[in-house]
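Fold and geometry: a report
Spelled out from the first residue to the last, the chains are:
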Amino acid sequence: MDVEDQVLAELDVSSSIGDSYEFALKINADHQDVIGILKSLHGDGYAEPLGEKTISLWTLTDEGLNVASDGSPEFQLYSAVPNDEAITLTDLQALVGDSVSKLGMGPCMKNKWLKKDGDSLVRVASDVSDDTAVLLREVASSGTATDNKALALMKKRKLVKEEKRKSYGFGKGPSFKRKRSKKAVGLTKDMLGSKVDMPPGMIHWSDTDFKAVNLKAMGSVVGGGNFHPLLKVRAEFRRILMEMGFEEMPTNKWVESSFWNFDSLFQPQSHPARDAHDTFFIKDPATCNSFPDEYYDRVADVHVNGGYGSIGYGEGAFKKEEASKNILRTHTTAISAQMLYNLANQEGGFKPKKYFSIDRVFRNEAMDATHLCEFHQVEGLVADYDLTLGNLIGIIKTFFAKIGITNVRFKPAFNPYTEPSMEVFGYHPELKKWTEIGNSGMFRPEMLRPMGLPEGVRVIAWGLSLERPTMIKYKINNIRDLFGHKADLHKQQNAPIARF
Ligand code: PHE
C-alpha cells in the first residue's frame, strides 16, 4: 500500500488523523510526504484540516553530546583532583588536557568545588554532582527538560538547540472515498461524443469526475520584455555623458537637408561622400528650402570665396539645388551644426555648452559582417572660448576611461569640417591590438564663423559608433546578430561594461 492509500485507510477506519507526525512515524513514512498527501487530499475534498500544532524539540549540539557522554569540563576537572591531596596545575592539565582545564576552571571556582593553594589545587566540596550532564542526558532522551531555566542556560552555552516541528490534524472531507479517483483536468473532444457509441476505454463527460477550477490560483508570470543590448549600452553611455555635464541634443529626425548634413560643415559639394554610393537620397519630397536665409548666404559665400584664412572651393562650387536635397542623415554632426547655429543666435548671445547625442545614422554602403547601412553614432561636443587640442585629448581620454577603455592613442586624420582631426585608437587587451574606436577634431572656423559664433569660440568634438563597443561587450561577431530581428536579448544580460 502506498502512503496515500495508508492515509485514506486511516481516515476511513479512525475518521481522523490526530497528528500527522505521529502517523508518519507509525507507518514509517516521511512526515513531509504525509503532509503533502493530506494537503492534496484536502484540495479534492477527501480530507479536511482539523488544526495544527507546533512543538519545540530540543536536541544536543556536538558539544552537548560530548558533555553528555564524558561529563561537563568542570566535573571532569573536579574528578581529576585527588580526594585529600593537592595537585599542581601542570599535573592537572596533563591529566585532563588543556581544553577541559581551561573550560572547567571557572565554574569549579565559582561553584566552590576547588580552591587554589599556591601553584596547586585542592578540593573544597566533598560531594558534587554533574547536573549539566544529567540534564543533557534528559534532553537527549525526551527532547525536552523539566527545568526551563537550566534549558535556557544550556542553550546559551551552545550545548542544546531548539527546533520547531509543525504537525497537522485531518479529518474526512465531504468527498471522502476509500480510493482516490483521479479527476479529469479538462474536457476533451472524445468525452463529448455520443454516450451510446463511446469507443472502448473512453469515458463520456457525464461520467467523468472533473477537477474544480481554482479561480484563485496565481496566473503564470508574463514576461515583460527585455532591453536590447544597444539600448543598454546607450543608457550607460548616456549616464556617463550626463555625469560629465553634457546635455542631450534633439536628434529625433532622420531626414535631413544636405545643407545641414554637409554644407554647413564646410564639406565641399563635390565631396565623394555626397555621392549616391554613400548617401541615401529621399525621393519624395526630394528637396527642402527651410534654411535661415542670411546664414545660407554666408555658407554659400564661404564655400565659393573662402574666408577666415581659407581660399574656399572656387566659383561654381556651391549650388542651391545640391544644398536643398533631402537625405537620410549620414552623421549626427548635422544636428551638432544646428545646435551650434542656435547657440550663436540665441537670445543673450553665445554661452559655453557641452552637448551629446546617441542616435541613428545611415550610409549607403555595402553590407558585411561588421557594416550595415544604418548604425548609431555617439557624438559629443564642447563649445567654449579658447579651447585647445589638449582639452579635446583630455575629454576624450576621460570619456573613454569611463566606458572602460583606459589606453588610448591619437592619430592625425582628415575630416572636411575639423582641423586638426584625430582618429582615436584603443588598446584591446584580449585581441592584443590597437583598434580604431572613434574620430574627433576641432571644428573649422569656415564652419563656425558663418554661424555667427564669436571669434574666440572653439568647438571640440568627437564621434564613435554605438555598435562597436556593444559587439565587443556582448561578444557578438556579426552585426546582423545585434541589429534587427536576430538580436538575442538574453545574451549576457549582466555582462560588465565594454572592456577594450
Ligand atoms: N561625424 C564624424 C563621423 O561621422 C565623427 C566626428 C564628429 C568627427 C565630430 C569629428 C568631430 O565619423
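Every chain is numbered on its own, with residues counted from 1 as its sequence reads. This being a predicted model, a pLDDT of at least 70 is required before a residue's local features are given, and a value of 80 or more before pairs of side-chain atoms are given or counted; all residues contribute to the totals for chains, interfaces and linings. Computation of side-chain values: all heavy atoms of the structure, hydrogens and water removed.

**Here's the deal with the pattern of salt bridges**
Each reported salt bridge corresponds to a side-chain nitrogen of Lys or Arg within 4 Å of a carboxyl oxygen of Asp or Glu. In the structure shown here, the tally under the stated rule is 24 salt bridges. The closest approach of N and O atoms between Lys 179 and Asp 5, which form a salt bridge, is 3.2 Å. With Lys 179 in the loop between β6 (160–172) and α10 (229–243) and Asp 5 in helix α1 (residues 3–14), this residue pair connects regions lying 174 residues apart in the sequence. Taking relative accessible area as the criterion, Asp 5 reaches 16% and is therefore assigned buried. Taken together, the shared-partner salt bridges connect Glu 236, Arg 239, Glu 243 and Lys 402 into one network. Only DSSP runs of H or I covering at least 4 residues are called helices, and only runs of E covering at least 2 are called strands; the numbering of each starts at the N terminus. Note on exposure labels: buried denotes an accessible area under 20% of the residue type's maximum, exposed denotes more than 50%, and partly exposed covers the range between, all computed with a 1.4 Å probe on protein chains only.

**Some thoughts on the layout of surface pockets**
Space inside and on the surface of the protein is sampled on a 1 Å grid over the protein atoms alone, with a cavity defined as a set of points where a 1.4 Å probe fits but cannot get out and a pocket as an open set with protein on both sides within 12 Å along at least 5 of 7 lines; lining residues have an atom within 4 Å of a point. Grid points are joined across faces, edges and corners, and a volume is the space filled by probe spheres set on the points. Within this model, the second largest pocket holds a volume of roughly 430 Å³. Together, 16 residues line the second largest pocket, and Glu 74, Asn 111, Thr 132, Leu 153 and Arg 157 are the ones closest to its centre. At the level of secondary structure, the elements contributing two or more residues to the lining of the second largest pocket comprise α7 (98–110), α8 (131–142) and α9 (148–156). Counting residues per element, the lining of the second largest pocket draws most heavily on α9, at four residues.

**Considering the site of the ligand**
When we say a residue is near a molecule or strand, we mean one of its heavy atoms is within 4 Å of it. Among the 13 residues in the neighbourhood of the ligand, the closest are listed as His 331, Thr 333, Arg 363, Gln 377 and Tyr 417. In this structure, His 331 approaches the ligand through a side-chain N or O atom, which is 3.2 Å from a nitrogen atom. Think of a polar contact as two N or O atoms within 3.5 Å of one another; within protein, one of them needs to be a possible hydrogen donor and the other a possible acceptor, and neighboring residues in sequence only count if both atoms come from side chains. Gln 377 places a polar side-chain atom, nitrogen or oxygen, 2.7 Å from an oxygen atom of the ligand. In the complex, 91% of the free accessible area of the ligand, which totals 320 Å², lies under the protein chains. At the level of secondary structure, the elements contributing two or more residues to the shell around the ligand comprise β14 (433–443) and β15 (457–465). In the scheme used here, Gly and all other residues not listed as nonpolar or charged are polar, with Ala, Val, Leu, Ile, Met, Phe, Trp, Tyr, Cys and Pro taken as nonpolar and Asp, Glu, Lys and Arg as charged. A per-class count over the shell around the ligand returns three nonpolar, nine polar and one charged. Reported accessibility uses the Shrake-Rupley method at a 1.4 Å probe radius. Residues are deemed covered only where the shown protein chains occlude them.

**Considering the packing of aromatic side chains**
When the centres of two rings from Phe, Tyr and Trp lie within 6.5 Å, Trp using its six-membered ring, the rings pair. Their planes under 30 degrees apart give stacked, over 60 give edge-to-face, and anything left gives tilted. A full pass over the atoms with the stated rule returns 19 aromatic pairs. Note on Phe 259 and Trp 260: the rings are 5.3 Å apart at their centroids and 80° apart in plane angle, and the pair reads as edge-to-face. Pair check on accessibility: Phe 259 and Trp 260 agree, each one buried. When the centroid spacing of 5.6 Å and the interplanar angle of 35° are considered together, the rings of Phe 259 and Tyr 296 count as tilted. Separated by 37 residues along the polypeptide, Phe 259 in helix α11 (residues 258–261) and Tyr 296 in helix α12 (residues 293–305) bring together distant segments of the chain. Classification of Phe 259 as buried rests on a relative accessible area of 0%. Joined through ring pairs, the aromatic side chains of Phe 259, Trp 260, Phe 291, Tyr 295, Tyr 296, Phe 318 and Tyr 341 make up one cluster. Stacked on the ring of Tyr 78, the Lys or Arg Arg 123 has its end atom at 4.1 Å from the ring centre. The residue whose ring lies beneath Lys 320 is Tyr 296, and the NZ or CZ to ring-centre distance is 4.7 Å. Any Lys NZ or Arg CZ found within 6 Å of a ring centre and within 35 degrees of that ring's normal is scored as a charge over the ring.

**Examining the sheet that holds strand β2 (residues 47–60)**
Overall, antiparallel pairing links the three strands, which are arranged β1-β6-β2 in an open sheet. Each edge of the open sheet is held by one strand with a lone partner, namely β1 (16–17) and β2. In this sheet, β6 lies alongside β1 in antiparallel orientation, the contact comprising two bridges. Note on β6: the bridge partner recorded for Ile 17 is Phe 170. Any two strands with at least two DSSP bridges between them are considered paired.

**Some points on the side chain of Ser 336**
With respect to the secondary-structure elements, Ser 336 resides in helix α14 (residues 333–345). Here Ser 336 falls in the buried class, since its relative accessible area comes to 0%. Two residues form a contact once any of their heavy atoms are found within 4.5 Å. Look past the residues within four positions of Ser 336 in its chain and what remains in contact with it is Met 249, Glu 379 and Leu 381.

**Describing the environment of Val 361**
Structurally, Val 361 can be placed in strand β10 (residues 353–362). Each C-alpha atom of the pair Val 361 and His 331 lies 5.4 Å from the other, and the pair is 30 residues apart in sequence. Once residues within four sequence positions are removed from consideration, Val 361 is found in contact with Arg 329, Thr 330, His 331, Thr 332, Cys 373, Glu 374, Phe 375 and Gln 377.

**What about helix α4 (residues 62–70)?**
Those residues of α4 not exposed but buried are Gly 64, Val 67 and Ala 68. For α4, the angular spread of the buried residues around the axis is 100°, confining them to a single face. Of the residues in α4, the exposed ones pointing more than 90 degrees away from the buried face are Asp 62, Ser 69 and Asp 70. Packing partners of the buried residues in α4 comprise β2, α5 (73–80) and α8. Immediately downstream of α4, the backbone of Gly 71 shows phi near 95°, a positive value. Within this analysis, the arc is defined by the directions that extend from the helix axis to the C-beta atoms.

**Observations concerning the domain arrangement of the protein chain**
All domain edges in this entry derive from an automatic or database-based domain assignment. For the protein chain, the assigned domains are domain 1 (3–60 + 160–172), domain 2 (63–156) and domain 3 (230–493). Centre-to-centre separation of domain 1 and domain 2, based on C-alpha positions: 42 Å. Opposite the seven residues of domain 1 that make contact, domain 2 presents eleven residues. Reported buried area values correspond to the accessible surface (1.4 Å probe) lost by two parts on association, with both partners' losses combined. Surface buried jointly by domain 1 and domain 2 totals about 760 Å² across both partners, of which 73% is contributed by carbon and sulfur atoms. Per-residue buried area on domain 1 facing domain 2 is highest for Trp 58, Leu 60 and Val 160; these three make up 90% of the total on that side. Counting every contact that joins domain 1 to domain 2 gives one salt bridge. As a salt-bridge pair, Lys 155 and Glu 162 come within 3.9 Å of each other at their nearest N and O atoms.

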